[in-house]
Structures are given as structure tokens and as C-alpha cells.
Amino acid sequence: MRVYNFASGPSALPLPVLERAAAEMTDVNGTGQSVMEMSHRSKDFKPIIEKTEALLRELMGIPPNYKVLFLQGGASLQFSMVPLNLAGVEPGSPKKKAAYVETGIFAKKAAEEASKYAEVHTRGSSKDKAYTYIPAPLPPEADDAYYHITVNNTIVGTRWAALPETGSVPLAADISSCILSEPLDVSRFGLLYAGAQKNLGPAGTTVVIIREDLLGKAPSWTPTMLRYDIHAGEASMYNTPPCYGIYIIGLVLEWLKELGGADAMGKLNREKADLLYAYLGGSKLFRSPVEKSSRSIMNVTFVSTEADPDKRKEKETRFVKEAAAQGLVNLAGHRLVGGMRASIYNATPIEGVKALIKFMEKFEKNEK
Ligand SMILES: *Cc1c(COP(=O)(O)O)cnc(C)c1O
């Protein structure tokens, strides 16, 4: 039996995608091979990576002056690659400035990593309230090499409802947990990156979308594998790319296109999130810790309203356990923040959200 899986990542994949991958496991496109067995430079794999890139360009509306890269190392490696490539300097030269907005634990990690290569300036932070809101950001300064934000904050469950104005300073963004969850104007950004395992495919592939004028700025000492210009010049084939992940992303994108693309997904995702937030708004047992205007439509966090910390913990643990017994799995919050989190990415059907709400109502009734 398939469960409703609310994991934050790796997370649920669409069932039709898994079924198709299973059917094609030993023989894809009549090649007599699995994608896992093919040379990445073969005529058999070429159409697979090209189709994945073309679909991503189509569904995200990526302008022609942007490169699409399929890399490895997760979003976390981008925490290093972004500052290295956009703000790295030759030995002895003064560090360049980079702007960061600290909206969560991943945003903080990104800034900390960048501070090894650049002079990091924090242009906003919501640390004072445990990252439960998106702060009003300060504008960039003219000599900032780039301005970095995390569009959807996976752990606490916030999202930028409107993007900051950065003028001629390139906006760089981590979109790991919201890529293709709703329309996004790619032309507003200099660089976008996303680990695939939240909303796009399996772990192991990272998508980078970079405006061409930002290529070729890395200092000479940058490791070859960490240079965007090398990967762009070789069409993600400088070395062996994560072939199977790229193939699965292609299947996910085909599925998404059939459902109507980012527009349709955005409507459905808002509907799913609205159902959950409406329930939480009326609940006496649970509440959302996140400020209304900053709430994520991908990661809906909630906590028990119980004041006593021990009782609260007991209630939350029991909730997560009893939900799992009903086939509603992976609802525990991130280990650093506790509470509960329902990650409702594209692959989570609205029926799953309704089943979760039904269970919460029942749980609440039994607590009285
Ligand atoms: C999951 C996540 C990361 C970390 O991704 P890895 O692929 O594990 O490195 C970074 N940023 C955001 C927003 C995430 O959701």
C-alpha cells in the first residue's frame, strides 16, 4: 500500500513517474538498456538529458541567455560555488562583498560558507523570532557582487511572497524546496539553484540556472569541478553527470506539463496549503508558528498549543506516531525545531492533505 508521504526531502514522487521508471527499468526507449547502464556520452542518453533541459526551460520560462546545469553535491555545495564563482578573488586581493538575508537555517549556512570567500553583509534576518517570518530586507549596495535569498525556507516553513528589488546587483536564490511549485520570473535572477530531492526528482542531482554574463568570473584557484563556466562549456558533461536522476527529473517534468505546468501547480498548491492553514486557524489543539504573510505553501509547520513543554512534546510525539499508523508518514518537524511539518510538494495529491486534516480533526476530538 502506498502511504501519504509528507517527508521534507527526499520526498514523495508522483506515482505515474515511479511506475513508468519501473516499466522502463531494464529497457528504456527500445535501447535494451537501463538508463543506469548507458554511457553518458552515448546517442541513447543524449536525447534524455536534452529532453529534461528543454522541459525545464519550457516549464520555468527560462530565457535563452541562461545556462541550465545538472550538477551533484546538493544545494549545500552551491553554498560554496555561488560565492566562489561570483565573488571569489585572486590571492592578495581584497575580498568582494556579498549580501545575504538570513531567513532560516539553510540561509544561515549559505552565508557562513560564503564568508570563507567573500565579505558577507547581512541585509535582513528573522533570527530574533526563530525565523518565523520573512524580514523587510535592506537594499543591496552598489558593490555587492550578488544578493542571496532562500525563496522557500523548508525547516520553519516560510516563503518570500515578493522578491526584493536588487537593481543591477544579481539576485541569487536557493529554490530547493519551491522550484516549479508556482510560477517564478527567472529573469529577475542572476542565478538559481535547487537540490532535486524536494520537488523535482531523486537526491543526487542539483539544478543550476545561471545568466551567461555571470560565467567566467571565478578566480584561477577555483577547483575545476566547482566552476560554473566549465560545466556550462561542457553542457553538464565535464565529467559523468547524475544520469539516472536527470532521467527521473525528465519524467517528473513530463508529468508536470501534463497537469498544466507551474500555473496549474501553483493554484493546486495554494489550495492544498489554504486547507491546512484554515484548519490550523480554527484548531484549539494545533497552531502554525509562522506569521501569516510569510507562510510557505510547500512546508506547513504546526505545533501543539499545549503550554507545558513536556506535555507538548508528549502530544506531538503521539500525534506523529498515530498518524503514521494511519498511513500519514513523516510528519515530524525538523530535528532542530521539533513540532510537526507537512511537506506538501507537487507530488502530494490534495487527497493526502484532506486525509491529514481528517486525521487531525479526529485526533483533536479524542483529546477532549
Ligand atoms: C534541503 C535544502 C537544502 C540542503 O540540500 P542538500 O541537497 O541536502 O544539500 C538547502 N536549502 C534548502 C532550501 C533546502 O530545502
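Use the structure listed above.
All figures in this text were calculated on a predicted structure; none of them were measured in a lab.

Analysis parameters
- Residues numbered from 1 in each chain as written.
- Predicted model: local features only at pLDDT ≥ 70, side-chain atom pairs only at ≥ 80, totals over all residues.
- Heavy atoms only, no water.
- Helix = DSSP H or I, 4+ residues; strand = E, 2+ residues; numbered from the N terminus.
- Buried < 20%, exposed > 50% of the residue type's maximum accessible area, 1.4 Å probe, protein only.
- Contact = heavy atoms within 4.5 Å.
- Areas by Shrake-Rupley, 256 points an atom, 1.4 Å probe, with all protein chains shown as cover.
- Lys, Arg positive; Asp, Glu negative; His and termini not counted.
- Charge placed at Lys NZ, Arg CZ, Asp CG, Glu CD.
- Pairing = 2+ DSSP bridges.
- Phe/Tyr/Trp six-rings, centres within 6.5 Å; stacked < 30°, edge-to-face > 60°.
- Near = heavy atom within 4 Å.
- Polar contact = N/O pair within 3.5 Å; in protein donor to acceptor, adjacent residues only side chain to side chain.
- Axes fitted to C-alpha atoms, helices over the stretch in contact; angles between N-to-C directions.
- Expected span 1.5 Å × (residues − 1).
- Parallel < 35°, antiparallel > 145°, perpendicular 65-115°, else oblique.
- Left-handed = near helix turned anticlockwise from the far one by under 90°.
- Nonpolar A, V, L, I, M, F, W, Y, C, P; charged D, E, K, R; others polar.

Q: I'd like to hear about the overall build of the protein chain, residue by residue, with values.
A: Each helix and strand in the protein chain was counted, giving nine helices and 14 strands. Judged by the C-alpha coordinates and their principal axes, the protein chain covers about 65 × 55 × 30 Å. When burial is assessed residue by residue, the protein chain has 56% of its 368 residues classed as buried. Long-range contacts, defined here as pairs at least 24 residues apart, represent 66% of the contacts in the protein chain between residues at least 6 apart. Counting only carbon and sulfur atoms, one obtains 53% of the accessible surface of the protein chain, whose full area is about 16,100 Å². Between the mean site of the 44 positive side-chain charges and the mean site of the 41 negative ones, the protein chain shows a separation of 4 Å.

Q: I'd like a rundown of the pairing of strand S2 (residues 66–71), residues and numbers included.
A: The buried count for S2 comes to five of six residues, which makes it a mostly enclosed element. Taken together, the six bridges between S2 and strand S10 (residues 206–211) define a ladder with antiparallel strand orientation. The residue of S10 that forms the bridge with Leu71 is Thr206.

Q: Which residues make up the environment of Tyr277, and what values go with them?
A: Within the secondary structure layout, Tyr277 lies in helix H7 (residues 261–282). With relative accessibility at 11%, the residue Tyr277 sits in the buried group. Sequence separation between Tyr277 and Arg295 is 18 residues, and the spatial gap between their C-alpha atoms is 8.9 Å. Not counting the four nearest positions on each side in its chain, Tyr277 is found in contact with Gly157, Ser288, Arg295, Ser296, Asn299 and Val300.

Q: Report on the packing of aromatic side chains, specifying residues and quantitative values.
A: Under the defined criterion, the tally for this structure stands at eleven aromatic pairs. Judged by centre distance (5.5 Å) and plane angle (80°), the rings of Phe286 and Phe302 are edge-to-face. Highlighted residues: Phe286 in strand S11 (residues 286–287) and Phe302 in strand S12 (residues 299–304), separated in sequence by 16 residues. Given a relative accessible area of 2%, Phe286 falls into the buried group. The structure contains a cluster of three or more aromatic residues connected by ring pairs, namely Phe286, Phe302, Phe319, Phe359 and Phe363.

Q: Could you give an account of the site of the ligand, naming the residues involved and the relevant values?
A: With respect to spatial proximity, 13 residues lie near the ligand, and among them Ser76, Thr154, Asp174, Gln197 and Lys198 are the closest. For the ligand, a nitrogen atom lies 2.6 Å from a polar atom in the side chain of Asp174. Between the ligand and Gln197 there is a distance of 2.9 Å, counted from an oxygen atom to a side-chain nitrogen or oxygen. When the ligand sits alone it has 390 Å² of accessible area, and the protein chains cover 86% of it. Among the elements that line the shell around the ligand, the one with the most residues is helix H3 (residues 74–87), at four residues.

Q: Any details on the sheet that holds strand S14 (residues 340–343)? Residues and values, ideally.
A: Read across the sheet, three strands follow the order S11-S12-S14 without closing on themselves; strand pairing throughout is antiparallel. Edge strands, defined here as strands with exactly one partner in the open sheet, are S11 and S14. In this structure, S12 lies alongside S14, joined through four bridges in antiparallel fashion. Following the sheet pairing, Thr301 is matched in S14 by Arg341. The sheet strands contacting H7 are S11, S12 and S14, and the helix crosses S12 at an angle near 15°. Packed on one face of the sheet, helix H8 (residues 309–325) meets S11, S12 and S14 and runs near 130° to S12.

Q: Could you give an account of helix H6 (residues 243–259), with specific residues and numbers?
A: With 17 residues, H6 extends 25 Å between its outermost C-alpha atoms, agreeing within 8% with the 24 Å of an ideal straight helix rising 1.5 Å per residue. H6 sits mainly inside the fold: twelve of its 17 residues count as buried. Where H6 is concerned, the buried positions are Cys243, Gly245, Ile246, Tyr247, Ile248, Ile249, Gly250, Leu251, Val252, Leu253, Trp255 and Leu256. Contacts from the buried residues of H6 go to helix H1 (15–23), helix H2 (46–60), S2 and H7. With its phi angle positive at about 115°, Gly260 sits one or two positions after the end of H6.

Q: Requested: an account of the packing of H3 against helix H4 (residues 105–114), with residues and values cited.
A: How two helices pack is summed up by the angle between their axes together with the distance between the axes. Two numbers describe how H3 lies on H4: the axes approach to 8 Å, and their chain directions differ by 45°. The angle between the axes of H3 and H4 places the two elements in the oblique class. Crossing of H3 against H4: the hand is right-handed. Contacts between H3 and H4 involve Phe79, Ser80 and Pro83 from the first element and Phe106, Lys109, Ala110, Glu113 and Ala114 from the second. For the contact of H3 with H4, the per-class residue count stands at five nonpolar, one polar and two charged.

Q: Break down the sheet that holds strand S4 (residues 119–125) for me, with residues and values.
A: Spatial ordering of the open sheet is given by S2-S10-S9-S8-S5-S3-S4, a layout of seven strands whose pairing is mixed. Whereas interior strands pair on both sides, the edge strands pair on one side only; in this sheet they are S2 and S4. Mean inter-strand twist for the sheet, computed between neighbouring axes without regard to direction, equals 20°. Packed onto the sheet, H3 meets S2, strand S3 (97–102), strand S5 (144–150), strand S8 (171–174), strand S9 (191–195) and S10 and runs at close to 160° relative to S9.

Q: Can you break down unusual backbone geometry residue by residue, with the values?
A: The step from Gly9 to Pro10 runs through a cis peptide bond, and the omega angle for that step is -5°. Among the structural elements, Pro10 can be located in the loop between strand S1 (4–5) and H1. A positive phi angle, close to 65°, is found at Asn330, a residue other than glycine. Residue position: Asn330 is located in the loop between strand S13 (328–329) and S14. The partly exposed category is assigned to Asn330, whose relative accessible area is 44%.

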